[in-house]
Amino acid sequence: MTRTTQLKASVVLATEEVAAEVRDRRPDSLALFGELDEEQREQLVLDAWSIGLRALHNAHAAAQESKLKDVGQALVSDIDRQLRGHVEQQQATMSAVLARFFDPNDGQVTQRLAAFVDDQGVLARLLERYLGPRNSVLTESLARQVGETSPLFKKLSPTESDGLVKVLEGQLRVVMNQGHAELVRALDPLAEDGAVARFLRSLREELKGADEDRQSQLSAALAALDANDEGSLLSRLVRETHRAREEVLSAVNPDAPNSPMSLMKSSLTRLFQEQATAQTELARQQEVRQARFEKEVSEALVRIETRRTQDQKGTRGGLDFEDAVTSFVRAATQSAPCVFDVTGATAGIGRCKKGDAILRFTGESAFAGAGVVFEAKRDAAYTVQKAIDELDAARKNRDAVAGVFVMARSHAIEVFPRFARYGSNVLVTWDDQDPATDAYLHAAVLLGMALVTRSRTTGEAGDIAALRDVEARIEAELSRLEKMEKHSDAIRKNVDGLSDEIRKAQKALDLLLRKAQSTLRALNVELHDEGAESASPIALPRGSFERAVQTLCSGEAA
């Protein structure tokens, strides 16, 4: 209940109604209601209650909407500011990531795509296999679906008995024969149910009935031939002829319902729609297979590239390069008068494993027993001098006359020679992934074999073995003297006389060693037997280069 000085109100709220009582003592209200009768007063109270209540309700709703609008604008502004900051942060992150992967100069994706879409790359070969114009999967699929032996080609062939052209020709022939027969029967005066026959029969009957009066006969004939009279025989003939014509046209009209041509059109439409649906489904399946295939190819290329990168960084790459070199040399020297052995895992004369492989001439050659040692390295730390020292140690360890040092081009320093000879050593740079460098390795193998001709032992085997034993013993004594000299340095102050004697003994032994080595070199004179050289030419068999390259290719494919 609400109370004021001149205005009072009481409200009772129930579940089904609201009871309100207002007591107004204001003069303007009394004057207003005083001028009205009882019915007008009640109507005014109802109008005031309805209008005022609706106005207050609308004002309250508008206030709520205005409040919600302000809150919504503030919320939208806050969310927009946060989203804008998040979008800017994401754009900066994406730009950095995309620059690392998609930079046109050094991006990872650019490099991989370049290797992937190369003219001789894996993608070109796979696309040629699946999408090429000859013997590809797509060509065979299209040949099966729309080729000369496909069901669609047979359906559209004009020579097939059950083809679409023959079926259409037969249906047209049947429809035209039926229409022509009906038209001929309608115009045939001898056909009893024909339009012309009925016309002549009716005309004959009317002329027979009007036989007594020529004038009546003429009038009847004129009436029967009157085209303006809807009931005349001529008008009936025209109508029936027109109807027969309409029936024939309707029969051959593909748009007319229930006509033979309409049935044929619907059958052809359904056939083509089914064929189009089948072709669309086949195309969709082919796209799915193509997408799956491209995904598998991309994943395989990523795995291959990752494994290749890891192999190049680890020791596995060096082992693979060594295997490639030995495979190439083995294939190149096949059928030659020599034996090729891989010796990287076995110790040699000096009890070390230097010398990855040895090529030794057999008894069929004039240079029987002479060998060529091979060293394959994939290490950027090797300089020219270090490579020569490595070959010298390998030749000594494997008892070889000549040596070939094969350096991987990917790890060779700039000054490392591409192909060079240093005495009995041959240095060559080779890339197992580039066929253009195979000729250099092949030439290095042939040059190493040719260097064997520079030395040939002509002395007795026993004398040479004895001199070599002397040389070995002298070297052992020199090593022992070096150890003694190291020990004597500690007591030099007290044993100066002993040091002098050691130096004299060392000089004498050095002189003896030089003379022994000179004797060995004198026994190893150059071969001047032209007949022996002609009988044992240093040459690789025909096709050795092609076999070596093919061996590398088959190894890569495997």
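How each quantity is defined
- Residues numbered from 1 in each chain as written.
- Predicted model: local features only at pLDDT ≥ 70, side-chain atom pairs only at ≥ 80, totals over all residues.
- Heavy atoms only, no water.
- Helix = DSSP H or I, 4+ residues; strand = E, 2+ residues; numbered from the N terminus.
- Buried < 20%, exposed > 50% of the residue type's maximum accessible area, 1.4 Å probe, protein only.
- Contact = heavy atoms within 4.5 Å.
- Areas by Shrake-Rupley, 256 points an atom, 1.4 Å probe, with all protein chains shown as cover.
- Pairing = 2+ DSSP bridges.
- Axes fitted to C-alpha atoms, helices over the stretch in contact; angles between N-to-C directions.
- Salt bridge = Lys/Arg side-chain N within 4 Å of Asp/Glu carboxyl O.
- Phe/Tyr/Trp six-rings, centres within 6.5 Å; stacked < 30°, edge-to-face > 60°.
- Lys NZ or Arg CZ within 6 Å of the ring centre and 35° of its normal.
- Core = buried A, V, L, I, M, F, W, Y, C linked by side-chain atoms within 4.5 Å.
- Patch = residues over 30% accessible without salt bridge, like charges linked within 9 Å, V, L, I, M, F, W, Y side chains within 5 Å.
- Right-handed = clockwise from strand over helix to strand, strands pointing away.

Draft legend 1. Fine view of the overall build of the protein. A tally of regular secondary structure across the protein gives 18 helices and 9 strands. Burial analysis of the protein (558 residues in total) assigns 25% to the buried set. Summarising the internal contacts of the protein: among those between residues at least 6 apart in sequence, 50% fall at separations of at least 24. Accessible area for the protein stands at about 37,800 Å²; split by element, carbon and sulfur atoms hold 55% of it.

Draft legend 2. Up close: the sheet that holds strand β9 (residues 425–430). Read across the open sheet, the 6 strands follow the order β4-β5-β6-β7-β9-β8; overall the sheet is mixed. The open sheet terminates on both sides in strands that have one partner only, identified here as β4 (338–342) and β8 (419–422). Between one strand axis and the next, the sheet turns by 15° as a mean value, whatever way the strands run. Of the strand pairs in this sheet, β8 and β9 are connected by 4 bridges, and their pairing is antiparallel. Bridging from a neighbouring strand, Phe419 pairs with Val428 of β9.

Draft legend 3. Representation of the pattern of salt bridges within the structure. Overall, the coordinates contain 9 salt bridges when judged by the stated rule. Here Glu38 ties to Arg41 by a salt bridge, and the two come within 3.9 Å at their closest N and O atoms. Of this pair, Glu38 and Arg41 both sit in helix α2 (residues 38–102), 3 residues apart, roughly one helical turn. Here Arg41 falls in the partly exposed class, since its relative accessible area comes to 30%. Note that Asp431 is salt-bridged to Arg409, the shortest N-O span being 3.1 Å. Separated by 22 residues along the polypeptide, Asp431 in the loop between β9 and α14 (438–450) and Arg409 in the loop between β7 (402–408) and β8 bring together distant segments of the chain. A residue is classified by how much of its surface remains accessible, and Arg409, at 36% relative accessible area, is partly exposed. When salt bridges that share partners are traced, they join Glu375, Lys377 and Glu390 into one network.

Draft legend 4. Broad picture of the packing of aromatic side chains. Taken as a whole and assessed by the stated rule, the structure comprises 6 aromatic pairs. Between Tyr382 and Phe405 the ring centres are 5.6 Å apart and the planes differ by 45°, which places this aromatic pair in the tilted class. Here the residue Tyr382 occupies a position in the loop between β6 (371–377) and α13 (384–398), and Phe405 occupies one in strand β7, the gap between them amounting to 23 residues. Residue classification places Phe405 among the buried residues on the basis of a relative accessible area of 0%. Three or more aromatic residues joined by ring pairs form one cluster here, namely Phe321, Phe328 and Trp430. Its end group placed over the ring of Tyr382, Lys386 keeps NZ or CZ at 4.6 Å from the ring centre.

Draft legend 5. How the structure looks around the nonpolar core. Residues Phe374, Val404, Val406 and Trp430 are the most contacted members of the largest nonpolar core, which totals 32 residues. Counting 13 residues, the second largest nonpolar core, distinct from the first, contains Val373, Tyr382, Leu391 and Ala400.

Draft legend 6. The environment of Met407, seen in detail. In this fold, Met407 is placed in strand β7. A C-alpha to C-alpha distance of 5.2 Å links Met407 and Lys377, two positions 30 residues apart in sequence. Once residues within four sequence positions are removed from consideration, Met407 is found in contact with Phe321, Lys377, Asp379, Tyr382, Ala412, Phe416, Val428, Thr429 and Trp430.

Draft legend 7. Seen up close, the environment of Asn135. Turning to its location among the elements, Asn135 is positioned in the loop between α4 (122–131) and α5 (137–146). Ignoring sequence-local partners within four residues, the contact set of Asn135 consists of Arg129 and Glu140.

Draft legend 8. Expanded view of the pairing of strand β2 (residues 7–13). Two elements, β2 and strand β3 (residues 18–24), share 7 bridges in a ladder whose sense is antiparallel. Within β3, the position partnered with Ser10 by the bridge is Glu21. Linking β2 back to β3 in an antiparallel pair, the connection comprises 4 residues.

Draft legend 9. Here's a closer look at unusual backbone geometry. In the Ramachandran plot, Ser335 falls in the positive-phi region, its phi being about 75° despite a non-glycine side chain. In the Ramachandran plot, Asp399 falls in the positive-phi region, its phi being about 55° despite a non-glycine side chain. Summarising the element assignment, Asp399 is placed in the loop between α13 and β7.

Draft legend 10. Molecular detail of a nonpolar patch on the surface. A cluster of nonpolar side chains, contributed by Val11, Leu13, Val18, Trp49 and Leu53, occupies part of the molecular surface with about 540 Å² of accessible area. Those elements that provide at least two residues to the nonpolar patch are β2 and α2. As for its position among the elements, Trp49 is in helix α2.

Draft legend 11. View of the pairing of β7. Extensive coverage of β7 is indicated by the burial of 7 of its 7 residues. One ladder, built from 6 bridges, connects β6 with β7; its direction is parallel. Each residue of the ladder has a partner; that of Glu375, found in β7, is Phe405. On the question of chirality, the crossover connecting β6 to the parallel β7 by way of α13 is right-handed. By the bridge criterion, 6 bridges tie β7 to β9 in an arrangement that is parallel. Bridging from a neighbouring strand, Val404 pairs with Val426 of β9.

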